[in-house]
Amino acid sequence: MAAHGFQLILGFILALAGTSLAAAEGPALCGGKPVAVRIAEAADGASLRLADGRVVRLVNVIGPLPIDGDKDAVVRATAALGEIVAGQEASLFLESDTEDRYGRIAARAVLIGGKVWLEAEMLSRGMARVYLPANDKCARALLQFEAKARAARTGLWDDPKFGVFDAENVEALLAAEGRFVLVEGVVRRVGESRRRLYLDFGRRFTEDFTIVAPDTIRKSLIAQGSDPKSWRGKRVRVRGILFSWGGPAIEVNVTQAVELLD
């Protein structure tokens, strides 16, 4: 989270973690209705195939995807997930019973065998990254597992393709357009128009990296203790899908997607 208070809370959680497995009650932080199921196998690095044939999408984490251009990473993440889940009884914390256009149901969290928080375990192994949880408590808990794996360069974090991009490396960012990435750098300018805030990481907003923050996101960040309009000169990390905005850009749709690091 962007507020200084979140950084303190995150550090406290990190100190308490001590193990790669979350406490059994952890998944309940993410909300959703728990439903008992049996898992047949991993469909990919962030999806499960149940014994009854349904496919479950894990909404709070993201594994390597074909668009990342690394088939081996996709295979490794799928194998890691399969090792944990195959044939296991589990509790799904469902976001909805409704299937998406691809025939998948969405789970906010999964508890394997009554003790292993699946998303936390995949993050600890460096086989997934935190996606965009809309729940503060869930995001805080998951980010601490990701942070430990990232600091240790575990799994995907040892591959520059999946690591944190430098906001000043515009060439690399342009090459990653359409992918989910983490980007970190110092905000050089802050602009505002059309009910949006623009955090520019270079002098040329038509060429350099930009974070686009709708007014609703700015208000949420202010409520949490930090106005992004005052972030000039501050180091920030953001996660999301890269798109072209003259230069590369990420639009923030949930406050959990951006962290004020200073």
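Just above sits the structure.
Residues numbered from 1 in each chain as written. Predicted model: local features only at pLDDT ≥ 70, side-chain atom pairs only at ≥ 80, totals over all residues. Heavy atoms only, no water.

This next bit is on the state of the cysteines. For the structure shown, the criterion picks out 1 disulfide. Across a sulfur-sulfur distance of 2.1 Å, C30 and C138 are joined as a disulfide pair. Here the disulfide of C30 and C138 is right-handed, its torsion about the S-S bond being about 75°. Here C30, found in the loop between α1 (4–17) and β1 (33–44), pairs with C138, found in helix α4 (residues 136–151); they are 108 residues apart in sequence, far enough to count as distant. (Disulfide = S-S within 2.5 Å. Helix = DSSP H or I, 4+ residues; strand = E, 2+ residues; numbered from the N terminus.)

Attention shifts here to the pairing of strand β12 (residues 196–200). When a strand is regular, its side chains alternate between the sheet's two faces. Across the 5 residues that make up β12, a large majority, 4, are buried. For strand β11 (residues 189–193) and β12, the ladder comprises 5 bridges, and the chain directions are antiparallel. Bridge assignment links G191 to a residue of β12, and that residue is Y198. The hairpin formed by β11 and β12 contains 2 residues between the paired strands, and R194 there has a positive phi angle of roughly 50°. With 5 bridges joining them, β12 and strand β13 (residues 210–214) adopt antiparallel strand pairing. Within β13, the residue paired with Y198 across the bridge is V212. (Buried < 20%, exposed > 50% of the residue type's maximum accessible area, 1.4 Å probe, protein only. Pairing = 2+ DSSP bridges.)

Quick look at the sheet that holds strand β10 (residues 180–186) now. Strand order in the open sheet made by the 4 strands is β9-β10-β14-β17, with mixed pairing throughout. With one partner strand each, in any of the chains shown, β9 (164–166) and β17 (258–260) form the two edges of the open sheet. Between one strand axis and the next, the sheet turns through 25° on average, direction left out of account. In the packing of α4 onto the sheet, contacts are made with β9, β10 and β14 (235–241), and the angle to β14 comes to roughly 105°. (Axes fitted to C-alpha atoms, helices over the stretch in contact; angles between N-to-C directions. Contact = heavy atoms within 4.5 Å.)

To continue, consider the sheet that holds β13. The strand order across the open sheet formed by 5 strands is β11-β12-β13-β16-β15, and the pairing between neighbours is mixed. Only two strands of the sheet have a single neighbouring strand rather than two, namely β11 and β15 (243–245). Between one strand axis and the next, the sheet turns through 35° on average, direction left out of account. Bridge count for β13 against strand β16 (residues 247–251) is 3 bridges, and the pairing is parallel. Along β16, the bridge assignment pairs I211 with I250.

Further remarks concern the packing of aromatic side chains. Counting across every chain of the model gives 5 aromatic pairs. Summarising the aromatic geometry, the rings of Y198 and W245 are spaced 5.6 Å apart at their centres and angled 35° between planes, so their arrangement reads as tilted. Of this pair, Y198 sits in strand β12 while W245 sits in strand β15, and the two are 47 residues apart along the sequence. Judged by its relative accessible area of 12%, Y198 is buried. The rings of Y198, F243 and W245 are connected pair by pair, giving a single aromatic cluster. (Phe/Tyr/Trp six-rings, centres within 6.5 Å; stacked < 30°, edge-to-face > 60°.)

What is shown is where atoms sit, not what they do.
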